[in-house]
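Survey of secondary and tertiary structure
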Amino acid sequence: MIAILLALWAASPPGTPSSVPQTPDTALTRALGAPLAALRDSLFAVQGSGVAFQRDLAVASPDLVIARARRVQESCTRALAAVAAAQHALATTTVPPRTEPRSADLQRLLPKLQADLKRCQREFAPGAWYARVDSLRAWGPSRTVQLDASLRHAVDATDHLRAALGYKS
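What this report covers is the structure whose coordinates are included nearby. (Residues numbered from 1 in each chain as written. Predicted model: local features only at pLDDT ≥ 70, side-chain atom pairs only at ≥ 80, totals over all residues. Heavy atoms only, no water.)

Bringing the environment of Ala86 into the picture now. Residue placement: Ala86 occurs in helix 3 (residues 62-92). Residue classification places Ala86 among the buried positions, given a relative accessible area of 0%. If we skip the residues at most four places from it in the chain, Ala86 touches Pro35, Leu39 and Leu110. (Helix = DSSP H or I, 4+ residues; strand = E, 2+ residues; numbered from the N terminus. Buried < 20%, exposed > 50% of the residue type's maximum accessible area, 1.4 Å probe, protein only. Contact = heavy atoms within 4.5 Å.)

Let us now look at the environment of Ala125. Inspection of the secondary structure puts Ala125 in the loop between helix 4 (100-123) and helix 5 (133-165). You can call Ala125 partly exposed: its relative accessible area is 23%. Sequence-wise, Ala125 and Arg70 are 55 residues apart; in three dimensions their C-alpha atoms are separated by 6.2 Å. Other than its neighbours up to four places away in sequence, Ala125 contacts Gln73 and Arg132.

Here we come to the packing of aromatic side chains. Going through the model one piece at a time under the given rule, you end up with two aromatic pairs. With a centroid separation of 5.3 Å and an interplanar angle of 90 degrees, the aromatic rings of Phe53 and Phe124 are classed as edge-to-face. Here Phe53, found in helix 2 (residues 26-54), pairs with Phe124, found in the loop between helix 4 and helix 5; they are 71 residues apart in sequence, far enough to count as distant. Using a relative accessible area of 0% as the deciding quantity, one classes Phe53 as buried. Judged by centre distance (5.6 Å) and plane angle (70 degrees), the ring pair of Phe124 and Trp139 falls under edge-to-face. Taken together, the residues span a long stretch of sequence, with Phe124 in the loop between helix 4 and helix 5 and Trp139 in helix 5 at a distance of 15 residues. Residue classification places Phe124 among the buried positions, given a relative accessible area of 1%. (Phe/Tyr/Trp six-rings, centres within 6.5 Å; stacked < 30°, edge-to-face > 60°.)

The next point concerns helix 5. If you check helix 5, its first and last C-alpha atoms are 44 Å apart, about what 33 residues at 1.5 Å a residue would give, namely 48 Å. Within helix 5, the axis deviates most sharply at Trp139, by approximately 45 degrees, and proline Pro141 lies no more than four positions further along. (Expected span 1.5 Å × (residues − 1). Bend = angle between axes of the 7 residues up to and from the residue.)

Attention now goes to the side chain of Thr158. Relative to the helices and strands, Thr158 resides in helix 5. A polar contact is formed between the side chain of Thr158 and the backbone oxygen of Ala154, at a distance of 2.7 Å. (Polar contact = N/O pair within 3.5 Å; in protein donor to acceptor, adjacent residues only side chain to side chain.)

The subject of this paragraph is the state of the cysteines. Two cysteines form a disulfide when their sulfur atoms are joined by a covalent bond. Summed over the entire model, instances satisfying the criterion amount to one disulfide. A disulfide bridge connects Cys76 with Cys120, and the sulfur atoms are separated by 1.9 Å. Between Cys76 and Cys120 the disulfide shows an S-S torsion of about 80 degrees. By sign, it is right-handed. Placement of Cys76 in helix 3 and of Cys120 in helix 4 is noted, with a sequence separation of 44 residues between them. For the pair Cys76 and Cys120, a shared accessibility class is recorded, and that class is buried. (Disulfide = S-S within 2.5 Å.)

Function cannot be inferred from these measures alone, as they are strictly geometric.
Here it is in structure tokens:
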């Protein structure tokens, strides 16, 4: 039995270290991977709430318009917390030199994204219940389109950094 195993082992091709896939450093994963994943997830949630807001907006009841606006506002609030966590993680974590340009790209985008999310938080606040419905119907779709553009840039930058760090999307 041992002779057979020894013969199989001797006949097998030698493994090269480059053929073994490398996984990201666990300390780096803890410090940066989790905040980047949370950021990405929260941005997708904002995009989803924006799409839901626009669905059959012209015929939606006032209560439904307000409820959807509240969901957009709440998702923007949660995304703001994820942006702050990502900014903190990027500022306090040393990234490998090959990923520094991607990290810098994301760090440049985050302040604009933060401003856009704060604007979303203000503009989609329910406020005076039914007085806002017509306003939300009028400018809500254009605001969600503008917000979506900002979100797409941030998602792309996050995905590029995550890819450079070795994470799968």
